[in-house]
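# Examination of the molecular architecture
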Amino acid sequence: MTVKDLPPVAELSEQQQRGWRCVWCSFPVTVGEDVDLGEQRARPADGAAYSWFPRACADTEVCAARTAKEPR
Ligand SMILES: [Zn+2]
C-alpha cells in the first residue's frame with residue numbers, strides 16, 4: 001500500500017499525533033478499521049526530536065470524502 005506524504009506534524013492535533021484520530025480527516029479511528037502508518041520522527045526546529053504514531057482510516061474513499069467536506 002502506498003502512503004501519501006503525511007501532513008506536517010505541527011499542524012496536527014495531539015490526538016492525531018497519538019494515533020487516536022486519522023491524520024487526514026481527524027475522524028476517530030476504530031481498531032481494525034484503521035491503518036498504522038508506522039512510527040514517524042519529528043524534528044522541530046526549536047526542540048528535541050520525538051516520535052509520533054500516525055494512523056489513518058482504512059477506507060480511503062470515506063476518509064477523502066470527510067477531508068473534502070471539512071477542509072483544514
Ligand atoms: Zn480519515
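Every value quoted in this text rests on a predicted model; they were computed, and no experiment measured them.

## Thoughts on the overall build of the protein chain
The helix and strand inventory of the protein chain stands at two helices and four strands. Ordering the α and β elements of the protein chain from the N terminus gives α-β-β-β-β-α. Over its C-alpha trace the protein chain gives a radius of gyration of 12 Å, about what one expects of a compact globule, namely 11 Å for 72 residues. With the principal axes as the frame, the protein chain shows a C-alpha extent of 35 × 25 × 20 Å. Sorting the 72 residues of the protein chain into buried and exposed places 19% on the buried side. Contacts in the protein chain between residues far apart in sequence, at least 24 positions, make up 44% of those at least 6 positions apart.

## Notes on the environment of Tyr50
The residue Tyr50 is located in strand 3 (residues 50-52) in this model. For Tyr50, a count of 12 C-beta atoms within 10 Å gives the class exposed. Sequence separation between Tyr50 and Glu39 is 11 residues, and the spatial gap between their C-alpha atoms is 10 Å.

## Brief notes about the environment of Ala58
Examined against the element boundaries, Ala58 turns out to sit in the loop between strand 4 (55-57) and helix 2 (60-69). Taking C-alpha positions, Ala58 is 5.3 Å from Val35, a pair spaced 23 residues apart along the chain. Residues contacting Ala58, with those up to four places away along its chain left out, are Glu33, Asp34 and Val35.

## A few points about the nonpolar core
A general feature of soluble globular proteins is that nonpolar side chains tend to end up buried together. If you look at the biggest cluster of nonpolar residues, it comprises nine residues: Leu12, Cys22, Val23, Trp24, Cys25, Val29, Ala56, Cys57 and Cys63. Aside from chain neighbours lying at most four places away, what touches Ala56 is Cys22, Val23, Trp24, Asp34, Val35, Leu37 and Cys63.

## A word on the confidence of the model for the protein chain
Scored by pLDDT, the protein chain comes out at a mean of 88, with 90% of its residues at no less than 70. When pLDDT is averaged over each helix and strand of the protein chain, the minimum, 89, is found for helix 2 and the maximum, 95, for strand 4.

## As for the environment of Arg55
With respect to the secondary-structure elements, Arg55 resides in strand 4. Separated by 38 residues in sequence, Arg55 and Gln17 place their C-alpha atoms 8.4 Å apart.

Cut-offs used in this document
Residues numbered from 1 in each chain as written. Predicted model: local features only at pLDDT ≥ 70, side-chain atom pairs only at ≥ 80, totals over all residues. Helix = DSSP H or I, 4+ residues; strand = E, 2+ residues; numbered from the N terminus. Rg over C-alpha atoms; globule rule 2.2 N^0.38 Å. Buried ≥ 20, exposed ≤ 12 C-beta atoms within 10 Å, placed from the backbone. Contact = placed C-beta atoms within 7 Å. Core = buried A, V, L, I, M, F, W, Y, C linked by C-beta atoms within 7 Å. pLDDT = per-residue confidence, 0-100.

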